[in-house]
Amino acid sequence: KLNADPQIHGILVQLPLPSHIDESRILETISPNKDADGFCYENVARLVLRGGPRPLATACTPAGCVELLQRYDIPLAGKRAVVLGRSNVVGAPVAALLQQCDATVTLCHSASENVPDIVREA
């Protein structure tokens, strides 16, 4: 219903959702044209696939992190970047954005070993 309403310009789902709500099912229903967070499958695919169309929206926190680095002229190309966390909301999108900036990205998570050593390499 909201996807078809011309007065609705964007739909934002506040993640994470309570455990009794199927997050994937909710995100699947949002039109890519109204996906304010860039979490629908089409926008995620556009974010991570090289050479295709750009996502219609990108998650705001990851986009803001990369924007800060760029505004302060911090070079990313060829640099080692370590992302702590692989969430769909921040970790995975920020890793994809850093890769687009030609950084070499390592994604650490709860099962990663020797995290302090990995972070020191960044």
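Rules behind the numbers
- Residues numbered from 1 in each chain as written.
- Predicted model: local features only at pLDDT ≥ 70, side-chain atom pairs only at ≥ 80, totals over all residues.
- Heavy atoms only, no water.
- Helix = DSSP H or I, 4+ residues; strand = E, 2+ residues; numbered from the N terminus.
- Buried < 20%, exposed > 50% of the residue type's maximum accessible area, 1.4 Å probe, protein only.
- Polar contact = N/O pair within 3.5 Å; in protein donor to acceptor, adjacent residues only side chain to side chain.
- Core = buried A, V, L, I, M, F, W, Y, C linked by side-chain atoms within 4.5 Å.
- Contact = heavy atoms within 4.5 Å.
- Salt bridge = Lys/Arg side-chain N within 4 Å of Asp/Glu carboxyl O.
- pLDDT = per-residue confidence, 0-100.
- Patch = residues over 30% accessible without salt bridge, like charges linked within 9 Å, V, L, I, M, F, W, Y side chains within 5 Å.
- Areas by Shrake-Rupley, 256 points an atom, 1.4 Å probe, with all protein chains shown as cover.

Enquirer: Looking at this model, I keep getting lost on the environment of Arg 120. Mind explaining?
Expert: Following the sequence through the fold, Arg 120 ends up in helix 5 (residues 115–120). A relative accessible area of 61% places Arg 120 in the exposed class. A polar side-chain atom of Arg 120 sits 2.5 Å from a polar atom in the side chain of Asp 117.

Enquirer: Please clarify how the nonpolar core should be interpreted in this entry.
Expert: When a protein is soluble and globular, its nonpolar side chains tend to lie buried together. In this structure, Leu 47, Val 66, Leu 76, Ala 81, Val 83, Val 94, Ala 95, Ala 96, Leu 97, Leu 98, Cys 101 and Ala 103 together form the largest nonpolar core, which totals 12 residues. Broken down by secondary-structure element, the contributors of at least two residues to this core are strand 1 (80–84) and helix 4 (91–100). It is helix 4 that provides the largest number of residues to this core, a total of five residues. Apart from residues lying up to four places away in sequence, Ala 81 is in contact with Leu 98, Ala 103, Thr 104, Val 105 and Thr 106.

Enquirer: Would you explain the pattern of salt bridges in this entry?
Expert: Oppositely charged side chains are able to pair whenever their charged atoms sit close together. Within the structure shown, the criterion is met by four salt bridges. In this structure, Arg 80 and Glu 121 form a salt bridge, with 2.7 Å as the shortest nitrogen-oxygen distance. Here the residue Arg 80 occupies a position in strand 1, and Glu 121 occupies one in the segment after helix 5, the gap between them amounting to 41 residues.

Enquirer: Quick question: what am I supposed to make of the confidence of the model for the chain here?
Expert: Any segment with low pLDDT has predicted coordinates that should not be analysed in fine detail. Model confidence for the chain is summarised by a mean pLDDT of 94, while 100% of its residues fall at 70 or above. Mean pLDDT across the secondary structure elements of the chain bottoms out at helix 1 (residues 23–28), with 91, and peaks at strand 2 (residues 104–108), with 98.

Enquirer: Is there a simple way to explain a nonpolar patch on the surface in this structure?
Expert: On the surface, Val 44, Val 48 and Leu 49 cluster together into a nonpolar patch covering about 260 Å² of accessible area. Among the secondary structure elements, Val 44 is positioned in helix 2 (residues 41–48). With relative accessibility at 35%, the residue Val 44 sits in the partly exposed group.

Enquirer: Would you mind going over the environment of His 9 with me for this structure?
Expert: Looking at the secondary structure, you find His 9 in the segment before helix 1. Spatially, the C-alpha atoms of His 9 and Asp 35 are 8.9 Å apart, while their sequence positions differ by 26 residues. The contacts of His 9, once residues within four sequence positions are left out, are Asn 33 and Lys 34.

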